[in-house]
Amino acid sequence: MELDLPTFKKIEAVGWTVAICILFLFFGNVGICIGLFILVRKLFMKVKRSKIPQIDPTGKVVVVTGCDSGFGLGLAKRLYERNFSVFACCLNVDSEGAKELKAVGSERLKVVPLDVTNDDSVSKCQRLVKEECANTGLWGLVNNAGLNFVGDVELTTMDQYLTIGNINMYGMVRTCKAFLPLLRQAKGRIVNVTSVKGLYAIPSNAAYTMAKFGAEAFSETLRLEMSQYGVSVSIIEPCNYGGATGCLNEAALKRIKSDLDAQWAEASDDVRQFYGQAHLQQQLEDCKNSSKTSAPNIEPVLKAFEDALVNPCPHIRYLVRGSNSFFDFYYFLALICPYMPQHLFDKARAYFVPYIIYK
């Protein structure tokens, strides 16, 4: 039997009141009560999410950034197939991904240019979207645009720190600020892509993890501010998907090599002597090797995106495991991070992500 959301909320309020009273009546131990409450709540939420019908996508507009490749490209196609109207935003409208989307040839799937680091570009995109949904508002904004990066704290140039922050964090801020009025109008959804590396840091990823930590904090603040206006904010935290998204393909590896070359060129003589060029070469090799352990496809991430957009009770966070084997150490570290003493977690992290200066 399916129930509408308002009815379920009334049942939920009564049910939780009764459940809390029963727990404290029969169990004097506060710890046991809290544990049982968490367990019961998880079971209840699972039932709740399965009994309430999903949102009908017909007539709803979603903006997806970073559709040139990877998650964005896959999501734009998936949402179109689910009957959403999609604005697929591409940095390069002549990219292979953009051409693939244009080939669909439908009014419900529009390919538009968007550089999330440029205020004028974001404003132009917002005006195009507003022309289509001025009366209904915008149902979904998916902030997927991002750039992978490798570099030690000392070697990463200041320009690189600023560039990665501008793309992976401030780009998200720009688009949210531009589209929030339309999202409030529709009481819609914001879905921000961060990373498992937004939950804990790893060596040689300072610029990237800084931006992802910042995106997590921004999303959390935005969720708290927008909840009273009916706008939900969900965070997608993919784990090991680099090899399935194009982040580690041949073109990406060329860019990473160029980034490492720029780090070496700008480094002082003291820094060069300390690290040695072999260290940067090994980092490039590590990137090549890491693609071999990646999840083979992006289907689990696409399911998370879809759930965040159509489920009446979307999760706040979707930590999506990804690996070519059963064990994803990125996912494992994310699970244990909040509960382990720091020195023990550091040992676990060092085991799975060793940091060695190769000379």
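Structure: above.
Rules and cut-offs
Residues numbered from 1 in each chain as written. Predicted model: local features only at pLDDT ≥ 70, side-chain atom pairs only at ≥ 80, totals over all residues. Heavy atoms only, no water. Pairing = 2+ DSSP bridges. Helix = DSSP H or I, 4+ residues; strand = E, 2+ residues; numbered from the N terminus. Axes fitted to C-alpha atoms, helices over the stretch in contact; angles between N-to-C directions. Contact = heavy atoms within 4.5 Å. Expected span 1.5 Å × (residues − 1). Buried < 20%, exposed > 50% of the residue type's maximum accessible area, 1.4 Å probe, protein only. Salt bridge = Lys/Arg side-chain N within 4 Å of Asp/Glu carboxyl O. Phe/Tyr/Trp six-rings, centres within 6.5 Å; stacked < 30°, edge-to-face > 60°. Lys NZ or Arg CZ within 6 Å of the ring centre and 35° of its normal. Parallel < 35°, antiparallel > 145°, perpendicular 65-115°, else oblique. Left-handed = near helix turned anticlockwise from the far one by under 90°. Nonpolar A, V, L, I, M, F, W, Y, C, P; charged D, E, K, R; others polar. Core = buried A, V, L, I, M, F, W, Y, C linked by side-chain atoms within 4.5 Å.

Participant: Which parts of the structure should I look at to understand the sheet that holds strand β4 (residues 140–143)?
Facilitator: Sheet strands line up and pair through hydrogen bonds in the backbone, either parallel or antiparallel. In space, the seven strands of this open sheet follow the order β3-β2-β1-β4-β5-β6-β7, with parallel pairing throughout. Two strands lie at the open edges of the sheet, namely β3 (109–113) and β7 (317–320), each paired on one side alone. Averaged over all pairs of adjacent strands, the angle between their axes in this sheet comes to 15°, without regard to strand direction. As judged from the four bridges shared by strand β6 (residues 232–238) and β7, these two strands associate in the parallel manner. Along β7, the bridge assignment pairs Ile236 with Tyr318. Its contacts with the sheet place helix α12 (residues 299–310) against β1 (61–64), β4, β5 (189–193), β6 and β7, and it is angled at close to 155° to β5.

Participant: Sorry if this is basic, but what is going on with α12 here?
Facilitator: Along an α-helix, residues three or four apart share an orientation, since each turn contains 3.6 residues. Compared with an ideal rise of 1.5 Å per residue, which puts 12 residues at 16 Å, α12 spans 16 Å between its outermost C-alpha atoms and is within 8% of the ideal. What α12 keeps buried is the set Val301, Leu302, Ala304, Phe305, Glu306, Asp307, Ala308, Leu309 and Val310.

Participant: Mind showing me how you'd approach the pattern of salt bridges here?
Facilitator: Two side chains with opposite charge may pair up if their charged atoms get near one another. Applying the stated criterion to the full structure yields 16 salt bridges. Here Glu132 makes a salt bridge to Lys110, at a shortest N to O gap of 2.9 Å. With Glu132 in helix α5 (residues 119–133) and Lys110 in strand β3, this pair connects stretches of sequence that are 22 residues apart. Across the pair Arg349 and Asp346 runs a salt bridge whose closest N-O atoms are separated by 2.5 Å. With a gap of three residues between them, Arg349 and Asp346 both fall in helix α14 (residues 342–352), about one helical turn apart. Residue Arg349 is classed as buried on the basis of its relative accessible area of 15%. Overall, the relative accessible area of 32% leaves Asp346 in the partly exposed class. A single network of salt bridges, built from pairs that share partners, joins Glu216, Glu220, Arg223, Glu237 and Arg317.

Participant: Help me understand the packing of aromatic side chains in this model?
Facilitator: Two aromatic rings, taken as a pair, are described by how far apart their centres are and by the angle between their planes. Applying the stated criterion to the full structure yields 10 aromatic pairs. Their ring planes at 40° and their centres at 5.7 Å tell us that Phe327 and Phe352 sit as a pair that is tilted. Of the two residues, Phe327 is situated in the loop between β7 and α13 (329–336) and Phe352 in helix α14; the sequence distance between them amounts to 25 residues. Owing to a relative accessible area of 40%, Phe327 belongs among the partly exposed residues under this scheme. Since its relative accessible area comes to 25%, Phe352 is described here as partly exposed. One aromatic cluster is present, built from ring pairs that chain together Phe327, Phe329, Tyr330, Phe332, Tyr351 and Phe352. The aromatic ring of Trp139 is capped on one face by Lys60, whose charged end is 5.3 Å from the ring centroid. The side chain of Arg321 reaches across the aromatic face of Tyr331, ending 5.2 Å from its centre.

Participant: Teacher, can you tell me more about the packing of helix α6 (residues 158–186) against helix α7 (residues 206–226) here?
Facilitator: Relative orientation and spacing of two packed helices are given, respectively, by the angle between their axes and the distance between those axes. Following both chains from N to C, one finds α6 and α7 inclined at 15°, their axes separated by 8 Å at the closest point. Comparing their axes, α7 and α6 come out roughly parallel. Considering how the two elements wind past one another, α6 and α7 form a crossing that is right-handed. From α6, Tyr161, Ile164, Gly165, Asn168, Met169, Met172, Val173, Cys176, Leu180 and Arg184 reach across to α7, where they touch Ala206, Ala207, Tyr208, Met210, Ala211, Lys212, Gly214, Ala215, Phe218, Ser219, Leu222 and Met226. Among the residues making up the contact of α6 with α7, the classes are represented as 16 nonpolar, four polar and two charged.

Participant: Could you clarify how one ought to interpret the nonpolar core in this entry?
Facilitator: Within soluble globular proteins, side chains that are nonpolar generally end up buried alongside one another. Counting 35 residues, the largest nonpolar core has Ile236 and Phe305 as the members making the most contacts within it. At seven residues, α12 tops the list of elements feeding residues into this core. Ignoring any residue separated from it by four or fewer positions in sequence, one finds Ile236 in contact with Val191, Asn192, Val193, Thr194, Ser195, Val301, Ala304, Phe305, Tyr318 and Val320.

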